[in-house]
Amino acid sequence: MDKQVYLNFVNILKEELVPATGCTEPISVAYAAALARDTLGATPENVEISVSGNILKNVKSVVVPNTGGLKGVASAAAAGIVAGNAKAELQVISSVTDDDREKIKEYLKTAKISVASSNTGCIFDISVKCINGENFALVRIAGHHTNVVHIEKNGEIILDKRVVTAEAALTDRTSLSVEKIVEFADEVNLADVKDAICRQMEYNGAIAAEGLKNDYGACVGKVLLKSFGNDVHNRAKATAAAGSDARMNGCCLPVIIVSGSGNQGMTASLPVMVYGEHLKVTKEKLIRALVVSDLVTIHLKSGIGRLSAYCGAVSAGCGAAAGVCYLYGGGYDDISKTLINALAIDSGVICDGAKSSCAAKIASAVEAGLVGLEMTKNGSGFCCGDGILGDCVEGTIDNVGELASVGMRNTDEEIIRLMIKPNKR
């Protein structure tokens, strides 16, 4: 394949497949807070935080890891200020001690922390201002989870750059297509992707095992196995859900993310790993299938954006189905049909923030992908032009991107309104 396209695909995988401890939105808040504290050079007495609605949505109900069960923007910021290592970025609070946990709880009681809504119009926006006496430091992250766009201390601008979308800030995604992804997976020199993919298998496999072993949240993964058996189809759903059970409910094990999301990273990888073990494929074949899954997930999400009203697990479930199809020997045609079928089944599932129920949505997304695959294997499928389906797989992906990024914009605003309105009871 074209050399530049090949290099882009390698770089995309290296950019996307990075470790994160905990749900990435609260971790991004903790990162901004730790960086602001470092810039200030002291523990702040007051902290002023402003976040966009989508950040608030994804931080409100998820447990911040290593905090002893705390939730919310203020808790994430406090963890970053008290015990964060800003140099670790998305693993900023991965080394919190028992003593640190007590200090975080005490800091929440003594410090003045305010949280307000950002009015910049940027979907992904976090600003943290740390104040101590007459001194202050301000850090802003916008566009994506580690994209620091502004650092300021006592009015002196240390860093200031233009805010762009995640897609604009990272390696060009416009060359992604299902056909080129399959071609890349067939041809890629494993040495170029092996480290990233093997780390994904190791990290995500470990947190899924933890979720199946112990009780986290609603225990969706464990319930699926107990209720519906241990066949490979159900095991693929349960394993992905178990990883989310653990991650959404405070497990401190790291996850390899995809498209800025640990849930998407687990959904894209764990079902493929389960099927790879079931089919007894070679490690090389499994790595190539995971390349398909990861890149298809990234391709689907590129037109949607990092955060939206559209549940990202749907895209990752489709990616997983594409990877499993590849394990069965499917090429471009079969993978395209599988994606069209899966997108026809499950598109439109809403994202109402990170929380325990994400595990169940992941199971649903994996189910849709696997049903789409079984339809393809049996010579069945939905017709082009049905509903939101386009005239081909790329047309369908474009339509889903428009649905999520444009059509569901008001839906996103209404979801956020419902989540923050006062409880009547």
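Above: the structure in question.
Computed from a predicted model, the values in this text were never measured in an experiment.

> Just checking my understanding: could you explain helix α16 (residues 393-407) for this structure?
Within an α-helix, residues lying three or four positions from one another point in the same direction, as the helix has 3.6 residues per turn. Between its first and last C-alpha, α16 extends 20 Å over 15 residues, near the 21 Å set by a 1.5 Å rise per residue. V393, E394, G395, T396, I397, V400, G401 and A404 are the residues of α16 that are buried. Lining the buried residues of α16 we find α7 (178-187), α12 (283-302), α14 (332-346) and α17 (409-420).

> Would you explain the sheet that holds strand β6 (residues 148-153) in this entry?
Hydrogen bonds between backbone atoms are what pair the strands of a sheet, whose relative direction is either parallel or antiparallel. Spatially, the six strands line up as an open sheet ordered β3-β2-β4-β5-β6-β7, and their pairing is mixed. With one partner strand each, in any of the chains shown, β3 (112-117) and β7 (156-160) form the two edges of the open sheet. Direction aside, neighbouring strands of the sheet carry axes that sit 10° apart on average. Here four bridges tie β6 to β7, and the two strands are oriented antiparallel to one another. Bridge pairing in β7 places H150 opposite D160.

> Sorry, what's going on with the nonpolar core here?
Counting 78 residues, the largest nonpolar core has F184, L295 and I335 as its most contacted members. In this view, F184 contacts M1, Y6, F9, V10, L13, V193, V291 and L295; residues no more than four positions away in its chain are not counted. In terms of nonpolar packing, the next biggest core, distinct from the first, is built from 44 residues, V73, L90, A111 and I257 among them.

> What should I look at first to understand the packing of aromatic side chains in this one?
Two aromatic rings, taken as a pair, are described by how far apart their centres are and by the angle between their planes. Tallied over the full model, the rule gives three aromatic pairs. Relative to F184, the ring of F9 lies with its centre 5.3 Å away and its plane at 75°, an arrangement referred to as edge-to-face. Note that F9 is positioned in helix α1 (residues 3-16) and F184 in helix α7, a separation of 175 residues in sequence. Both residues of the pair, F9 and F184, count as buried. Taken together, a centroid distance of 6.3 Å and an interplanar angle of 65° make the contact between Y275 and Y328 edge-to-face. Taken together, the residues span a long stretch of sequence, with Y275 in helix α11 (residues 262-279) and Y328 in the loop between α13 (312-327) and α14 at a distance of 53 residues. Each residue in the set Y6, F9 and F184 is aromatic and connected to the rest through ring pairs, giving one cluster.

> Could you clarify how one ought to interpret the pattern of salt bridges in this entry?
Where charged atoms from two side chains of opposite charge approach closely, those side chains can pair. Evaluated as defined, the whole model comprises 15 salt bridges. Its salt-bridge partner being E16, residue R306 comes within 3.4 Å of it at the nearest N-O pair. In this pair, R306 is assigned in the loop between α12 and α13 and E16 in helix α1, connecting sequence segments 290 residues apart. No difference in accessibility class separates R306 from E16, as the two residues are buried. Across the salt bridge formed by K103 and D99, the nearest N and O atoms sit 3.3 Å from each other. Of this pair, K103 and D99 are both found in helix α5 (residues 98-110), four residues apart, which corresponds to roughly one turn of the helix. Beyond isolated ion pairs, a larger network of salt bridges with shared partners links E15, E16, R173 and R306.

> How should the environment of G41 be read in this particular structure?
With respect to the secondary-structure elements, G41 resides in the loop between α2 (24-40) and β2 (46-51). Of the residues examined, G41 reaches a relative accessible area of 63% and is grouped as exposed.

Thresholds applied
Residues numbered from 1 in each chain as written. Predicted model: local features only at pLDDT ≥ 70, side-chain atom pairs only at ≥ 80, totals over all residues. Heavy atoms only, no water. Helix = DSSP H or I, 4+ residues; strand = E, 2+ residues; numbered from the N terminus. Expected span 1.5 Å × (residues − 1). Buried < 20%, exposed > 50% of the residue type's maximum accessible area, 1.4 Å probe, protein only. Contact = heavy atoms within 4.5 Å. Pairing = 2+ DSSP bridges. Axes fitted to C-alpha atoms, helices over the stretch in contact; angles between N-to-C directions. Core = buried A, V, L, I, M, F, W, Y, C linked by side-chain atoms within 4.5 Å. Phe/Tyr/Trp six-rings, centres within 6.5 Å; stacked < 30°, edge-to-face > 60°. Salt bridge = Lys/Arg side-chain N within 4 Å of Asp/Glu carboxyl O.

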